[in-house]
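Reading the structure
For reference, the chains in residue letters:
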Amino acid sequence: MKISRRNFLLGLGATGVVAGGASVLVPMMQREGTLVNTKSRALHVEGTTGPLPKESDVVIIGAGIQGIMTAINLAERGLSVTICDKGEVAGEMSGRAYSQIISYKTDEHIFPLHHYGKKIWRGMNEKIGADTSYRTHGRVEAIANEQELAVVEEWIKLNSTNPGFDTPLKTRIIKGEELAARLPNAQSKWTVAGFEEDAGSVDPETGVPMLARYAMQQLGVKIFTNCAVRGIETAGGKISDVVTEKGAIKTSSVVLAGGIWTRLFMGNMGVDIPTLNIYLSQQRVTGVPGVPKGNVHLPNGIHFREQADGTYAVAPRIFTSSVIKDSFILGPSFMHLLGGGDLPLEFKLGPDLWNSFTTPTSWRNDEVTPFEEYRVAMATPNNEHLDLVFNRMKAEFPAFKDSKVVERWGAAINLTADHLPIISEVPQYPGLFINTATGWGMTEGPASGEITADLVMGKTPIIDATPYSMKRFG
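This is a predicted model, so every value here is computed, not measured. (Residues numbered from 1 in each chain as written. Predicted model: local features only at pLDDT ≥ 70, side-chain atom pairs only at ≥ 80, totals over all residues. Heavy atoms only, no water.)

1. A closer look at the layout of surface pockets
Gaps left between atoms are located by rolling a probe of water-molecule size over the structure's atoms. The computed volume of the largest pocket comes to approximately 620 Å³. The wall of the largest pocket is formed by 23 residues, among which Leu264, Asn277, Ile324, Asp326 and Ser356 lie closest to the centre. Those elements that provide at least two residues to the lining of the largest pocket are helix H9 (262–267), strand S15 (275–285), helix H10 (325–334) and helix H11 (351–358). Counting residues per element, the lining of the largest pocket draws most heavily on S15, which supplies 4 residues. (1 Å grid on protein atoms, 1.4 Å probe; cavity = no way out; pocket = protein on both sides within 12 Å on 5 of 7 lines; lining within 4 Å. Points joined across faces, edges and corners; volume = space filled by probe spheres on them. Helix = DSSP H or I, 4+ residues; strand = E, 2+ residues; numbered from the N terminus.)

Below is the structure:
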(Lines give C-alpha, C1' and ligand atoms only; values in the text may rest on other atoms or scores of the structure.)
Protein backbone atom coordinates (compact mmCIF):
# COMPACT_ATOMS: atom_id res chain seq x y z
CA MET A 1 0.00 0.00 0.00
CA LYS A 2 1.39 3.37 -0.95
CA ILE A 3 2.31 5.81 1.78
CA SER A 4 -0.42 8.17 0.55
CA ARG A 5 -2.94 5.51 1.43
CA ARG A 6 -1.53 5.39 4.92
CA ASN A 7 -2.21 9.03 5.67
CA PHE A 8 -4.91 7.97 8.06
CA LEU A 9 -2.14 7.03 10.48
CA LEU A 10 -1.45 9.00 13.43
CA GLY A 11 1.04 11.64 13.79
CA LEU A 12 -0.91 12.06 16.88
CA GLY A 13 -0.67 15.71 17.56
CA ALA A 14 -2.57 14.73 20.64
CA THR A 15 -1.22 17.64 22.63
CA GLY A 16 -2.43 20.10 20.01
CA VAL A 17 -5.80 18.40 19.77
CA VAL A 18 -6.33 18.49 23.50
CA ALA A 19 -5.28 22.12 23.55
CA GLY A 20 -7.97 22.98 21.04
CA GLY A 21 -10.57 23.60 23.70
CA ALA A 22 -14.18 22.57 24.16
CA SER A 23 -15.06 22.89 20.46
CA VAL A 24 -12.66 20.02 19.79
CA LEU A 25 -13.04 18.05 23.01
CA VAL A 26 -16.82 17.65 22.92
CA PRO A 27 -16.94 15.84 19.53
CA MET A 28 -13.93 13.74 20.57
CA MET A 29 -15.71 12.65 23.75
CA GLN A 30 -18.84 11.68 21.82
CA ARG A 31 -17.15 9.48 19.24
CA GLU A 32 -17.58 5.75 19.58
CA GLY A 33 -14.67 3.36 19.91
CA THR A 34 -13.22 2.12 23.20
CA LEU A 35 -11.13 -0.95 23.94
CA VAL A 36 -13.23 -3.40 25.96
CA ASN A 37 -13.44 -7.07 26.80
CA THR A 38 -15.67 -8.79 24.29
CA LYS A 39 -16.50 -12.17 22.77
CA SER A 40 -14.72 -13.80 19.86
CA ARG A 41 -16.71 -13.85 16.62
CA ALA A 42 -14.53 -16.58 15.11
CA LEU A 43 -15.43 -20.24 14.74
CA HIS A 44 -14.53 -21.88 18.06
CA VAL A 45 -11.42 -24.05 18.14
CA GLU A 46 -11.08 -26.41 21.06
CA GLY A 47 -7.55 -25.95 22.25
CA THR A 48 -5.12 -28.62 23.37
CA THR A 49 -6.10 -30.15 26.70
CA GLY A 50 -3.93 -31.43 29.50
CA PRO A 51 -0.71 -30.02 30.92
CA LEU A 52 1.71 -27.85 29.01
CA PRO A 53 4.62 -29.68 27.37
CA LYS A 54 7.81 -29.52 29.40
CA GLU A 55 9.67 -28.34 26.32
CA SER A 56 9.09 -27.37 22.69
CA ASP A 57 11.39 -26.49 19.81
CA VAL A 58 9.44 -23.25 19.29
CA VAL A 59 6.82 -21.47 21.39
CA ILE A 60 4.57 -19.01 19.60
CA ILE A 61 2.70 -16.30 21.50
CA GLY A 62 -0.61 -15.54 19.78
CA ALA A 63 -3.06 -17.65 17.78
CA GLY A 64 -4.00 -15.18 15.07
CA ILE A 65 -3.11 -15.45 11.38
CA GLN A 66 0.58 -14.58 11.92
CA GLY A 67 1.00 -17.07 14.76
CA ILE A 68 -0.91 -19.91 13.11
CA MET A 69 0.85 -19.56 9.73
CA THR A 70 4.25 -19.40 11.44
CA ALA A 71 3.39 -22.58 13.34
CA ILE A 72 2.28 -24.38 10.19
CA ASN A 73 5.52 -23.53 8.40
CA LEU A 74 7.67 -24.64 11.33
CA ALA A 75 5.74 -27.85 11.98
CA GLU A 76 5.89 -28.82 8.31
CA ARG A 77 9.68 -28.66 8.64
CA GLY A 78 9.68 -31.12 11.50
CA LEU A 79 9.87 -28.87 14.56
CA SER A 80 7.71 -29.29 17.64
CA VAL A 81 5.56 -26.17 18.02
CA THR A 82 3.44 -24.91 20.90
CA ILE A 83 1.14 -21.91 20.65
CA CYS A 84 -0.09 -20.07 23.73
CA ASP A 85 -2.89 -17.52 23.45
CA LYS A 86 -4.35 -15.45 26.26
CA GLY A 87 -7.84 -15.98 24.81
CA GLU A 88 -9.24 -17.72 21.73
CA VAL A 89 -7.91 -18.69 18.31
CA ALA A 90 -8.53 -15.66 16.07
CA GLY A 91 -10.39 -14.06 18.96
CA GLU A 92 -9.22 -10.55 18.23
CA MET A 93 -8.18 -8.94 14.94
CA SER A 94 -7.80 -12.15 12.94
CA GLY A 95 -11.49 -12.86 13.46
CA ARG A 96 -12.51 -9.29 12.64
CA ALA A 97 -10.41 -8.33 9.62
CA TYR A 98 -11.85 -7.00 6.37
CA SER A 99 -9.95 -9.87 4.75
CA GLN A 100 -9.72 -8.91 1.11
CA ILE A 101 -6.68 -10.69 -0.35
CA ILE A 102 -5.13 -8.13 -2.69
CA SER A 103 -1.89 -6.58 -3.91
CA TYR A 104 -3.38 -3.59 -5.77
CA LYS A 105 -1.19 -0.46 -5.64
CA THR A 106 1.01 -1.78 -2.84
CA ASP A 107 4.52 -0.35 -2.65
CA GLU A 108 7.80 -2.13 -3.42
CA HIS A 109 8.26 -3.57 0.08
CA ILE A 110 4.65 -4.64 0.62
CA PHE A 111 3.98 -6.03 -2.86
CA PRO A 112 6.03 -9.25 -2.47
CA LEU A 113 4.21 -10.13 0.75
CA HIS A 114 0.85 -9.66 -0.94
CA HIS A 115 1.67 -11.21 -4.30
CA TYR A 116 3.11 -14.32 -2.62
CA GLY A 117 0.34 -14.34 -0.03
CA LYS A 118 -2.28 -14.44 -2.79
CA LYS A 119 -0.55 -17.41 -4.39
CA ILE A 120 -0.50 -19.32 -1.11
CA TRP A 121 -4.17 -18.59 -0.39
CA ARG A 122 -5.21 -19.89 -3.81
CA GLY A 123 -3.90 -23.33 -2.90
CA MET A 124 -4.88 -23.27 0.75
CA ASN A 125 -8.15 -25.21 0.68
CA GLU A 126 -6.55 -28.05 -1.26
CA LYS A 127 -3.47 -28.00 0.97
CA ILE A 128 -5.35 -28.42 4.25
CA GLY A 129 -8.20 -30.52 2.86
CA ALA A 130 -10.86 -28.19 4.23
CA ASP A 131 -12.77 -25.05 3.25
CA THR A 132 -11.20 -21.95 4.78
CA SER A 133 -13.85 -19.84 2.97
CA TYR A 134 -11.18 -18.49 0.60
CA ARG A 135 -12.52 -17.56 -2.84
CA THR A 136 -10.82 -15.95 -5.85
CA HIS A 137 -13.40 -13.59 -7.28
CA GLY A 138 -11.65 -10.42 -8.38
CA ARG A 139 -11.71 -6.84 -7.17
CA VAL A 140 -12.71 -3.69 -8.97
CA GLU A 141 -11.51 -0.26 -7.81
CA ALA A 142 -13.02 2.65 -9.68
CA ILE A 143 -10.60 5.41 -10.67
CA ALA A 144 -11.73 8.96 -9.99
CA ASN A 145 -9.52 11.07 -12.29
CA GLU A 146 -6.75 11.11 -14.87
CA GLN A 147 -4.04 11.66 -12.28
CA GLU A 148 -5.03 8.52 -10.41
CA LEU A 149 -5.30 6.61 -13.67
CA ALA A 150 -1.70 7.51 -14.52
CA VAL A 151 -0.58 6.24 -11.09
CA VAL A 152 -2.38 2.92 -11.59
CA GLU A 153 -1.05 2.47 -15.12
CA GLU A 154 2.50 3.12 -13.94
CA TRP A 155 2.06 0.67 -11.04
CA ILE A 156 0.80 -2.06 -13.41
CA LYS A 157 3.68 -1.44 -15.81
CA LEU A 158 6.25 -1.57 -13.01
CA ASN A 159 4.95 -4.77 -11.41
CA SER A 160 4.16 -6.64 -14.62
CA THR A 161 7.82 -7.00 -15.58
CA ASN A 162 8.89 -9.48 -12.92
CA PRO A 163 6.29 -9.93 -10.17
CA GLY A 164 8.00 -13.07 -8.89
CA PHE A 165 7.00 -16.47 -7.50
CA ASP A 166 6.29 -17.81 -11.01
CA THR A 167 3.00 -15.93 -10.90
CA PRO A 168 2.05 -13.19 -13.37
CA LEU A 169 0.42 -9.94 -12.33
CA LYS A 170 -3.25 -10.15 -13.19
CA THR A 171 -4.26 -6.54 -12.73
CA ARG A 172 -5.48 -4.43 -15.65
CA ILE A 173 -7.55 -1.40 -16.57
CA ILE A 174 -11.20 -2.04 -17.46
CA LYS A 175 -13.77 0.24 -19.07
CA GLY A 176 -17.08 0.20 -20.88
CA GLU A 177 -19.24 -2.91 -20.79
CA GLU A 178 -16.79 -4.89 -18.67
CA LEU A 179 -16.79 -2.23 -15.99
CA ALA A 180 -20.56 -1.84 -16.17
CA ALA A 181 -20.95 -5.59 -15.68
CA ARG A 182 -18.74 -5.42 -12.60
CA LEU A 183 -20.75 -2.52 -11.14
CA PRO A 184 -24.34 -3.31 -12.21
CA ASN A 185 -26.89 -0.53 -11.66
CA ALA A 186 -24.32 1.88 -10.20
CA GLN A 187 -25.75 5.38 -9.98
CA SER A 188 -22.40 7.12 -10.49
CA LYS A 189 -20.94 7.23 -14.01
CA TRP A 190 -17.73 5.31 -13.46
CA THR A 191 -15.74 5.23 -16.69
CA VAL A 192 -12.52 3.44 -15.74
CA ALA A 193 -11.29 1.12 -13.01
CA GLY A 194 -8.44 -1.11 -11.97
CA PHE A 195 -9.43 -4.76 -11.97
CA GLU A 196 -7.40 -7.28 -9.96
CA GLU A 197 -8.49 -10.54 -11.50
CA ASP A 198 -6.82 -12.81 -8.93
CA ALA A 199 -7.88 -10.88 -5.83
CA GLY A 200 -9.58 -13.01 -3.25
CA SER A 201 -11.59 -13.07 -0.09
CA VAL A 202 -11.43 -14.90 3.24
CA ASP A 203 -14.15 -14.76 5.86
CA PRO A 204 -12.15 -13.98 9.03
CA GLU A 205 -14.51 -15.84 11.31
CA THR A 206 -13.68 -19.04 9.39
CA GLY A 207 -10.22 -18.76 7.81
CA VAL A 208 -7.82 -18.85 10.76
CA PRO A 209 -9.84 -21.36 12.82
CA MET A 210 -9.73 -23.83 9.92
CA LEU A 211 -5.98 -23.33 9.61
CA ALA A 212 -5.61 -23.86 13.36
CA ARG A 213 -7.51 -27.15 13.18
CA TYR A 214 -5.24 -28.28 10.36
CA ALA A 215 -2.17 -27.35 12.40
CA MET A 216 -3.39 -29.32 15.40
CA GLN A 217 -4.94 -32.35 13.74
CA GLN A 218 -2.51 -32.96 10.89
CA LEU A 219 0.76 -31.39 12.02
CA GLY A 220 0.69 -31.99 15.77
CA VAL A 221 0.88 -28.32 16.77
CA LYS A 222 -0.28 -27.80 20.34
CA ILE A 223 -2.52 -24.76 20.86
CA PHE A 224 -3.27 -23.75 24.44
CA THR A 225 -6.05 -21.18 24.65
CA ASN A 226 -6.80 -19.05 27.73
CA CYS A 227 -3.12 -19.42 28.52
CA ALA A 228 -1.48 -16.01 28.74
CA VAL A 229 2.28 -15.75 28.44
CA ARG A 230 3.68 -13.59 31.22
CA GLY A 231 7.28 -13.40 30.15
CA ILE A 232 10.41 -14.99 28.73
CA GLU A 233 13.43 -16.14 30.69
CA THR A 234 17.03 -16.41 29.54
CA ALA A 235 20.07 -18.36 30.62
CA GLY A 236 23.59 -17.54 29.50
CA GLY A 237 22.27 -14.81 27.22
CA LYS A 238 19.95 -17.21 25.36
CA ILE A 239 16.22 -17.87 25.47
CA SER A 240 15.55 -20.69 27.94
CA ASP A 241 11.88 -20.66 29.01
CA VAL A 242 8.50 -19.17 28.24
CA VAL A 243 6.54 -18.50 31.42
CA THR A 244 2.75 -18.75 31.17
CA GLU A 245 0.01 -18.44 33.75
CA LYS A 246 -0.16 -22.27 33.66
CA GLY A 247 3.55 -22.97 33.97
CA ALA A 248 6.79 -22.77 32.03
CA ILE A 249 7.92 -24.35 28.76
CA LYS A 250 11.60 -24.88 27.98
CA THR A 251 12.56 -23.63 24.53
CA SER A 252 15.33 -21.92 22.62
CA SER A 253 13.10 -20.11 20.11
CA VAL A 254 10.07 -17.87 20.66
CA VAL A 255 7.88 -16.06 18.14
CA LEU A 256 5.77 -13.17 19.40
CA ALA A 257 2.71 -12.66 17.18
CA GLY A 258 0.81 -10.58 19.69
CA GLY A 259 -0.91 -7.98 17.53
CA ILE A 260 -1.96 -4.90 19.49
CA TRP A 261 -0.38 -6.33 22.67
CA THR A 262 3.13 -6.66 21.25
CA ARG A 263 4.31 -3.24 22.40
CA LEU A 264 3.11 -3.83 25.97
CA PHE A 265 4.66 -7.30 26.17
CA MET A 266 8.04 -6.20 24.84
CA GLY A 267 8.04 -3.07 26.96
CA ASN A 268 8.13 -5.29 30.04
CA MET A 269 11.31 -6.79 28.59
CA GLY A 270 12.88 -3.37 28.08
CA VAL A 271 12.43 -3.33 24.30
CA ASP A 272 10.60 -0.48 22.59
CA ILE A 273 8.27 -1.52 19.77
CA PRO A 274 7.20 1.78 18.14
CA THR A 275 3.64 0.91 17.13
CA LEU A 276 0.35 2.66 17.77
CA ASN A 277 -3.09 1.11 17.79
CA ILE A 278 -5.86 2.25 15.45
CA TYR A 279 -9.56 1.38 15.76
CA LEU A 280 -11.90 0.59 12.90
CA SER A 281 -15.41 -0.77 12.53
CA GLN A 282 -16.96 -3.39 10.27
CA GLN A 283 -20.32 -4.97 9.59
CA ARG A 284 -21.91 -7.79 7.66
CA VAL A 285 -25.11 -7.30 5.67
CA THR A 286 -27.37 -9.65 3.75
CA GLY A 287 -26.82 -10.20 0.04
CA VAL A 288 -29.57 -9.22 -2.37
CA PRO A 289 -30.12 -9.78 -6.12
CA GLY A 290 -28.68 -7.29 -8.57
CA VAL A 291 -25.65 -6.07 -6.59
CA PRO A 292 -21.97 -6.41 -7.58
CA LYS A 293 -20.08 -9.61 -6.88
CA GLY A 294 -16.57 -9.97 -5.49
CA ASN A 295 -14.66 -7.07 -3.94
CA VAL A 296 -15.57 -3.46 -4.68
CA HIS A 297 -13.80 -0.22 -3.77
CA LEU A 298 -15.24 3.11 -4.91
CA PRO A 299 -13.67 6.55 -4.40
CA ASN A 300 -16.89 7.88 -2.88
CA GLY A 301 -16.27 5.89 0.29
CA ILE A 302 -17.90 2.57 -0.57
CA HIS A 303 -16.00 -0.61 0.24
CA PHE A 304 -17.49 -4.09 0.42
CA ARG A 305 -16.52 -7.73 0.00
CA GLU A 306 -18.71 -10.69 -0.86
CA GLN A 307 -18.45 -13.55 1.64
CA ALA A 308 -18.64 -17.26 0.91
CA ASP A 309 -22.19 -17.46 2.30
CA GLY A 310 -23.45 -14.63 0.08
CA THR A 311 -23.47 -11.95 2.76
CA TYR A 312 -21.33 -8.81 2.36
CA ALA A 313 -18.61 -7.51 4.65
CA VAL A 314 -18.68 -3.71 4.68
CA ALA A 315 -15.77 -1.53 5.78
CA PRO A 316 -16.26 2.23 6.29
CA ARG A 317 -12.45 2.67 6.25
CA ILE A 318 -12.74 5.56 8.68
CA PHE A 319 -10.19 5.08 11.43
CA THR A 320 -10.12 6.24 15.03
CA SER A 321 -7.03 7.01 17.07
CA SER A 322 -7.79 6.84 20.76
CA VAL A 323 -5.66 9.42 22.56
CA ILE A 324 -3.54 7.48 25.08
CA LYS A 325 -0.20 7.77 26.84
CA ASP A 326 1.61 6.41 23.79
CA SER A 327 0.09 9.21 21.71
CA PHE A 328 2.37 11.65 23.47
CA ILE A 329 5.37 9.33 23.54
CA LEU A 330 5.29 8.25 19.88
CA GLY A 331 3.38 11.11 18.28
CA PRO A 332 6.38 12.89 16.71
CA SER A 333 7.44 9.70 14.91
CA PHE A 334 4.07 9.48 13.19
CA MET A 335 3.60 13.18 12.45
CA HIS A 336 4.74 12.93 8.84
CA LEU A 337 1.84 10.64 8.00
CA LEU A 338 -0.86 13.20 8.75
CA GLY A 339 -2.53 15.14 6.02
CA GLY A 340 -5.55 13.99 4.08
CA GLY A 341 -5.61 10.88 1.95
CA ASP A 342 -8.57 8.66 1.26
CA LEU A 343 -8.56 6.96 4.67
CA PRO A 344 -9.81 9.52 7.20
CA LEU A 345 -8.60 9.51 10.79
CA GLU A 346 -10.61 10.75 13.74
CA PHE A 347 -9.39 11.27 17.30
CA LYS A 348 -11.14 9.83 20.33
CA LEU A 349 -10.72 11.12 23.87
CA GLY A 350 -12.25 8.79 26.42
CA PRO A 351 -11.68 5.94 28.88
CA ASP A 352 -8.68 4.61 26.94
CA LEU A 353 -6.61 7.59 28.04
CA TRP A 354 -7.16 6.84 31.72
CA ASN A 355 -6.68 3.12 31.17
CA SER A 356 -3.36 3.71 29.42
CA PHE A 357 -2.01 5.34 32.58
CA THR A 358 -3.42 2.71 34.96
CA THR A 359 -2.60 -0.45 32.99
CA PRO A 360 0.62 -1.99 34.36
CA THR A 361 3.57 -1.70 32.00
CA SER A 362 5.92 -3.90 34.03
CA TRP A 363 5.47 -7.05 36.05
CA ARG A 364 7.28 -10.12 37.30
CA ASN A 365 6.73 -13.51 35.74
CA ASP A 366 4.91 -14.70 38.87
CA GLU A 367 2.41 -11.82 38.74
CA VAL A 368 -0.94 -11.57 37.00
CA THR A 369 -0.57 -9.53 33.78
CA PRO A 370 -2.90 -7.29 31.74
CA PHE A 371 -3.19 -10.14 29.25
CA GLU A 372 -5.15 -12.12 31.83
CA GLU A 373 -7.49 -9.19 32.33
CA TYR A 374 -8.10 -8.73 28.60
CA ARG A 375 -8.66 -12.27 27.28
CA VAL A 376 -10.43 -11.12 24.12
CA ALA A 377 -10.43 -7.36 23.76
CA MET A 378 -11.33 -5.16 20.83
CA ALA A 379 -12.70 -1.70 20.17
CA THR A 380 -16.41 -1.11 20.30
CA PRO A 381 -17.94 -0.43 16.85
CA ASN A 382 -18.64 3.08 15.60
CA ASN A 383 -22.27 2.83 14.48
CA GLU A 384 -22.18 6.32 12.97
CA HIS A 385 -19.44 5.23 10.57
CA LEU A 386 -21.25 1.99 9.78
CA ASP A 387 -24.55 3.72 9.08
CA LEU A 388 -22.75 6.21 6.84
CA VAL A 389 -21.17 3.63 4.55
CA PHE A 390 -24.28 1.46 4.40
CA ASN A 391 -26.36 4.47 3.35
CA ARG A 392 -23.77 5.27 0.67
CA MET A 393 -24.04 1.70 -0.64
CA LYS A 394 -27.82 1.97 -0.83
CA ALA A 395 -27.59 5.26 -2.71
CA GLU A 396 -25.01 3.94 -5.18
CA PHE A 397 -26.63 0.53 -5.66
CA PRO A 398 -30.39 0.85 -4.95
CA ALA A 399 -30.78 -2.94 -4.69
CA PHE A 400 -28.98 -2.77 -1.33
CA LYS A 401 -32.04 -0.94 0.09
CA ASP A 402 -33.49 -4.40 0.75
CA SER A 403 -30.33 -5.53 2.54
CA LYS A 404 -30.28 -5.88 6.33
CA VAL A 405 -27.49 -5.63 8.89
CA VAL A 406 -26.52 -9.07 10.20
CA GLU A 407 -23.86 -8.02 12.73
CA ARG A 408 -21.48 -5.22 13.61
CA TRP A 409 -18.14 -5.26 15.35
CA GLY A 410 -15.14 -3.15 16.25
CA ALA A 411 -11.52 -3.99 15.54
CA ALA A 412 -8.00 -2.71 16.18
CA ILE A 413 -4.67 -2.93 14.38
CA ASN A 414 -1.15 -1.94 15.45
CA LEU A 415 0.94 -0.07 12.91
CA THR A 416 4.43 1.35 12.49
CA ALA A 417 5.19 4.86 11.31
CA ASP A 418 6.70 3.57 8.06
CA HIS A 419 3.61 1.36 7.45
CA LEU A 420 5.77 -1.79 7.17
CA PRO A 421 5.25 -4.89 9.33
CA ILE A 422 7.79 -6.15 11.83
CA ILE A 423 9.15 -9.58 10.88
CA SER A 424 12.42 -9.79 12.71
CA GLU A 425 14.64 -11.32 15.35
CA VAL A 426 14.91 -9.08 18.41
CA PRO A 427 18.55 -7.97 18.57
CA GLN A 428 18.57 -7.78 22.38
CA TYR A 429 17.23 -11.33 22.71
CA PRO A 430 18.70 -13.83 20.24
CA GLY A 431 16.13 -16.54 19.62
CA LEU A 432 13.17 -14.19 20.06
CA PHE A 433 11.35 -13.22 16.87
CA ILE A 434 8.44 -10.84 16.21
CA ASN A 435 5.78 -11.17 13.52
CA THR A 436 3.32 -8.31 13.90
CA ALA A 437 2.28 -4.76 12.96
CA THR A 438 0.36 -5.16 9.74
CA GLY A 439 -2.82 -3.56 8.49
CA TRP A 440 -3.13 -6.40 5.97
CA GLY A 441 -2.76 -9.42 8.23
CA MET A 442 -4.94 -11.84 6.28
CA THR A 443 -3.15 -11.11 2.99
CA GLU A 444 0.35 -10.95 4.44
CA GLY A 445 -0.02 -13.74 7.02
CA PRO A 446 0.90 -16.70 4.78
CA ALA A 447 4.05 -14.94 3.53
CA SER A 448 5.07 -13.46 6.89
CA GLY A 449 4.60 -16.86 8.53
CA GLU A 450 6.99 -18.46 6.04
CA ILE A 451 9.53 -15.66 6.42
CA THR A 452 9.41 -15.94 10.21
CA ALA A 453 9.90 -19.70 10.03
CA ASP A 454 12.93 -19.16 7.78
CA LEU A 455 14.41 -16.68 10.28
CA VAL A 456 13.84 -19.06 13.20
CA MET A 457 15.62 -21.85 11.32
CA GLY A 458 18.47 -19.64 10.15
CA LYS A 459 17.53 -19.87 6.48
CA THR A 460 17.51 -17.12 3.89
CA PRO A 461 13.82 -16.12 3.56
CA ILE A 462 12.02 -16.43 0.26
CA ILE A 463 11.38 -12.66 0.53
CA ASP A 464 14.13 -10.31 1.70
CA ALA A 465 13.19 -9.48 5.30
CA THR A 466 15.55 -6.52 5.65
CA PRO A 467 12.78 -3.87 5.23
CA TYR A 468 10.83 -5.48 8.07
CA SER A 469 13.74 -5.74 10.50
CA MET A 470 13.69 -4.07 13.91
CA LYS A 471 17.10 -2.62 13.08
CA ARG A 472 15.35 0.05 11.00
CA PHE A 473 14.16 1.67 14.23
CA GLY A 474 17.71 2.34 15.38
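Having seen the model, we can carry on.
2. Some remarks on the sheet that holds strand S11 (residues 229–235)
With respect to topology, 3 strands assemble into an open sheet ordered S11-S12-S13, the strand pairing being antiparallel. Looking along the sheet, the strands with just one partner apiece sit at the ends: S11 and strand S13 (247–250). Sheet twist, expressed as the mean angle between neighbouring strand axes with direction ignored, is 25°. Pairing of strand S12 (residues 238–244) with S13, which is carried by 4 bridges, proceeds in the antiparallel orientation. Residue Thr244 lies in a different strand from S13, and its bridge partner there is Gly247. (Pairing = 2+ DSSP bridges. Axes fitted to C-alpha atoms, helices over the stretch in contact; angles between N-to-C directions.)

3. Some thoughts on the nonpolar core
Formed by 47 residues in total, the largest nonpolar core has its most connected members in Ile68, Trp121, Leu211 and Ile223. Among residues more than four places away in sequence, those in contact with Ile68 are Ala63, Ile83, Val208, Leu211, Ala212 and Ile223. Counting residues in hydrophobic clusters, the runner-up holds 43 residues, among them Ile61, Val229, Tyr374 and Ala437. (Core = buried A, V, L, I, M, F, W, Y, C linked by side-chain atoms within 4.5 Å. Buried < 20%, exposed > 50% of the residue type's maximum accessible area, 1.4 Å probe, protein only. Contact = heavy atoms within 4.5 Å.)

4. Some points on the environment of Ala411
Its location among the elements puts Ala411 in strand S22 (residues 405–416). Sequence-wise, Ala411 and Asp464 are 53 residues apart; in three dimensions their C-alpha atoms are separated by 30 Å. Beyond its immediate chain neighbours, meaning those up to four positions away, Ala411 contacts Met93, Arg96, Ile278, Tyr279, Leu280, Met378 and Ala379.

5. Digging into the sheet that holds strand S4 (residues 100–101)
Pairing between the strands of a sheet comes from backbone hydrogen bonds, and it takes one of two forms, parallel or antiparallel. Across the sheet, 3 strands lie side by side as S4-S9-S5; this open sheet has antiparallel pairing. Because the sheet does not close on itself, it has two edges, and the strands there are S4 and strand S5 (135–136). Relative to strand S9 (residues 200–201), S4 runs antiparallel, the two sharing 2 bridges. Each bridged residue has a counterpart across the sheet, and for Gln100 the counterpart in S9 is Ser201.

6. A look at the pairing of strand S24 (residues 432–436)
With 5 of its 5 residues buried, S24 lies for the most part within the structure. Going residue by residue along S24, you find Leu432, Ile434 and Thr436 tucked away on one face and Phe433 and Asn435 tucked away on the opposite face as well. Across 3 bridges, the pairing between strand S14 (residues 253–256) and S24 is parallel. Pairing of Leu256 across the sheet is with Ile434, part of S24. As judged from the 4 bridges shared by strand S23 (residues 422–425) and S24, these two strands associate in the antiparallel manner. When the bridges of S24 are listed, Glu425 appears paired with Phe433. Connecting the antiparallel pair S23 and S24 is a turn made up of 6 residues, with Gly431 showing a positive phi of about 100°.

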